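Architecture and fold: a report
Next come the chains, spelled out residue by residue.
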There are 2 protein chains.
Amino acid sequence: MRAAFYEGHQKIRIGEGSPVAPEPGQVRIRVSHCGICGTDLHLFHGTLDSRVRQPHVMGHEMSGVVDVVGEGVRGWKPGDRVAVRPLEYCGTCPACRAGHEHVCHTLKVIGVDLPGAMQGTCTVPARTLHALPESLSLEHGALVEPLAVACHDVRLGEVAAGEHVVVLGAGPIGVLIGLVSRLEGARVILSEVNPFRRLLAERLGLETVDPREVDLPGLVDERTRGAGADVVFEVSGSAAGASSMTALARVRGRIVVVAIHAEVPRVDIFRVFFRELRILGARVYEAQDFEKSIGIAGSGALPLASLVTKVMPLESLESALRQLDGGGEVMKVLIRCSE
Amino acid sequence: MRAAFYEGHQKIRIGEGSPVAPEPGQVRIRVSHCGICGTDLHLFHGTLDSRVRQPHVMGHEMSGVVDVVGEGVRGWKPGDRVAVRPLEYCGTCPACRAGHEHVCHTLKVIGVDLPGAMQGTCTVPARTLHALPESLSLEHGALVEPLAVACHDVRLGEVAAGEHVVVLGAGPIGVLIGLVSRLEGARVILSEVNPFRRLLAERLGLETVDPREVDLPGLVDERTRGAGADVVFEVSGSAAGASSMTALARVRGRIVVVAIHAEVPRVDIFRVFFRELRILGARVYEAQDFEKSIGIAGSGALPLASLVTKVMPLESLESALRQLDGGGEVMKVLIRCSE
């Protein structure tokens, strides 16, 4: 089978991979599609070299079909259409024991810490599988993982009907948070500096602003009659986002930190005190978020096709990573992993 | 009646004040005792000059006895022993309309924005009054307000029996948070650089550490078998506190921001994301926190006498403020306002 190997120094080599026979409790998936995520760009740039063993197969946003079922696995059979919740946890650390396996102290992500989906087949624990309905194509099944991130974020943010939501950053996750919030009945404004991303979000019916040109706190105050936003999602990972998130939220409003902040930014915790704000971190997803994501994706409620900029063959992975790097007119790129 | 007038430039003048006749809905209190708070030090130093009209009477931690009852006031009569919840709110802003009057957008604090208790009598809205039980002396009644702050903080932090709590900063509020958390059944560590404050907290049976000499994250990890603290209270107002609060909390742990941060500090929101931490601001108190505070104070469950360093006459207010300024061997100072 073909596989795409990251070999360091922004180099992807396409070569022959070896299918892995499933151990007891595992399942081998014939990978259909796999999305490219910001984390994959970090991998490509070597930022995560300490976590990967080269040559490394990246890819964690996968859909596929069950190929071979390992010993002792029940409930799955060859041919089943699935998405993979790509998390491996220890089960014994304090977070796992408290029921928060998705933030296990030694969490391993399939495609980052373990071999991923940018190859013909991928062997994973059976407990990571979620069934895809017939109504959902395998191509769009690769969007279940990023959509589950958004479902997790919106759930922890407790977004409710009629609430005012501001999303800082309109990349794929920001747009999905906006769309899921809207499904919950919220009124959404997306703040984004990239004009292509604004255009795409607007085509999806979401209101967007360029925060360099619009007085966003003023606009939110106007919309909320001086109250402020009920929920703010910080998805930009920027110092500007960390600064404005506290300025936008109403008294007792919720601020959900979704982005990875490489730098430690300044945060106005006087404002947190003064308005009794609540800042909460949201990382990956839990099983229920995958189920919610699959339900939404399968229902046709979201224009998933509009989110996919391109579908490219495995051979084009390196070129796709370089295009995403440019930050230009690209939203989500999917890779076709097996023919 | 005597009154202590702040006249700017770290000057308090003792002079003759005029008792204010209560308007409809108001009550005049004969002030018994009034505590000195960090906010009063800020007032004394002129930091809050833009909020006060000079000559200004400070003091918001008061106990007293009802003296004169205004028109239309029901439920109160001369001689009733009371504490005052010193907040005036607008009732019409978005925060008030949402039921969060204590963080009203234009909140006024009696003793800061309005004349306070460092005088023989003080006239306040009847709705700010809380009855004191016979079991509680008027002297200790002046501790109801700071204790209510601690009750609010512990309530919002959802401290539960058996939980591990770390309090950063062991001034009066930090110590009270530690004591109230212990009443809830939590295990408490106070972190404080001032040796006098550590000594006093230890005399109250609280465990303390000097964070410059002890590896606090290491200690918390040891106590919690690597989990981290369930709840962290940031009461130091320091950059060090803002930094260590995220390092100490367990996965999904709560961090309660109680201190006023004059500078905008750096906050590790990557850690907030990575451990799904929850940071929440807690400001002043609500009516239920005053009732809880009075219940605790009246029950004798806390060694209130040990918290009071000195009781001084009104004439000594300026000298008391200067002693507190030194940050030396002083915890809570009460002023006797009427003889």
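Provided above is the structure to which this section pertains.
Let me sum up the structure you'll find in this document. (Residues numbered from 1 in each chain as written. Chains lettered and ligands numbered in written order. Predicted model: local features only at pLDDT ≥ 70, side-chain atom pairs only at ≥ 80, totals over all residues. Heavy atoms only, no water.)

1. Looking at the side chain of A:H130
Residue and element names in this part refer to chain A. Mapped onto the elements of the fold, H130 is located in strand β9 (residues 129–131). Here H130 falls in the buried class, since its relative accessible area comes to 5%. In terms of polar contacts, H130 uses its side chain to reach the side chain of R85, at 2.9 Å. Those residues in contact with H130 that lie beyond four places of it in its chain are W76, R81, V82, A83, R85, A287, F290, E291 and I294. (Helix = DSSP H or I, 4+ residues; strand = E, 2+ residues; numbered from the N terminus. Buried < 20%, exposed > 50% of the residue type's maximum accessible area, 1.4 Å probe, protein only. Polar contact = N/O pair within 3.5 Å; in protein donor to acceptor, adjacent residues only side chain to side chain. Contact = heavy atoms within 4.5 Å.)

2. Things to note about the nonpolar core
One finds A:I36, A:M118, A:L129, A:V175, A:F233, A:L317 and A:I335 to be the most contacted residues of the largest nonpolar core, which totals 100 residues. Ranked by the residues each element gives to this core, the list is headed by helix α4 (residues 144–156) of chain A, at eight residues. A domain split of this core shows at least three residues from each of domain 1 (2–145 + 285–336) and domain 2 (158–281) of chain A. Setting aside its immediate chain neighbours within four residues, A:I36 contacts A:E61, A:M118, A:L317, A:A320, A:L321, A:L324, A:K332, A:V333 and A:I335. Listed in part, the 98 residues of the second largest apolar core include B:A95, B:L176, B:A201 and B:F290. (Core = buried A, V, L, I, M, F, W, Y, C linked by side-chain atoms within 4.5 Å. Domains from an automatic or database assignment.)

3. Quick word on the packing of α4(A) against helix α10 (residues 287–299) of chain A
Residue and element names in this part refer to chain A. Contact geometry of α4 with α10 gives a least axis separation of 8 Å together with a crossing angle of 115°. Taken as axis vectors, α4 and α10 run roughly perpendicular relative to one another. Helix-helix and strand crossings are classified by hand; for α4 and α10 the assignment is right-handed. Where α4 approaches α10, its residues V144, E145, L147, A148, C151, H152 and R155 are matched on the opposing element by Q288, D289, F290, K292, S293, I294, I296 and A297. Across the contact of α4 with α10, the residue classes tally to eight nonpolar, three polar and four charged. (Axes fitted to C-alpha atoms, helices over the stretch in contact; angles between N-to-C directions. Parallel < 35°, antiparallel > 145°, perpendicular 65-115°, else oblique. Left-handed = near helix turned anticlockwise from the far one by under 90°. Nonpolar A, V, L, I, M, F, W, Y, C, P; charged D, E, K, R; others polar.)

4. Looking at the sheet that holds strand β13 (residues 229–234) of chain A
Spatial ordering of the open sheet is given by β12(A)-β11(A)-β10(A)-β13(A)-β14(A)-β15(A)-β15(B)-β14(B)-β13(B)-β10(B)-β11(B)-β12(B), a layout of twelve strands whose pairing is mixed. Edge strands, defined here as strands with exactly one partner in the open sheet, are β12 (207–209) of chain A together with β12 (207–209) of chain B. Each strand axis lies, on average, 20° off the axis of its neighbour in the sheet, ignoring direction. Across the face of the sheet, helix α8 (residues 239–248) of chain B comes into contact with β10 (164–168), β13 (229–234), β14 (249–257) and β15 (278–281) of chain B while running at roughly 150° to β14(B). (Pairing = 2+ DSSP bridges.)

5. A short note on the relation of the copies chain A and chain B
For these two chains of identical sequence, chain A goes onto chain B by a turn of 180° and a shift of 0.0 Å along the axis, with RMSD 0.0 Å. Seen this way, the second copy is the image of the first under a two-fold rotation axis. Taking the C-alpha atom as reference, chain A places A:R266 closest to the rotation axis, 2.0 Å from it. The overlap is high: 100% of the interface residues of chain A also sit at the interface in chain B, so the same surface is used on both sides. (Least-squares fit on C-alpha atoms with pLDDT ≥ 70 in both.)

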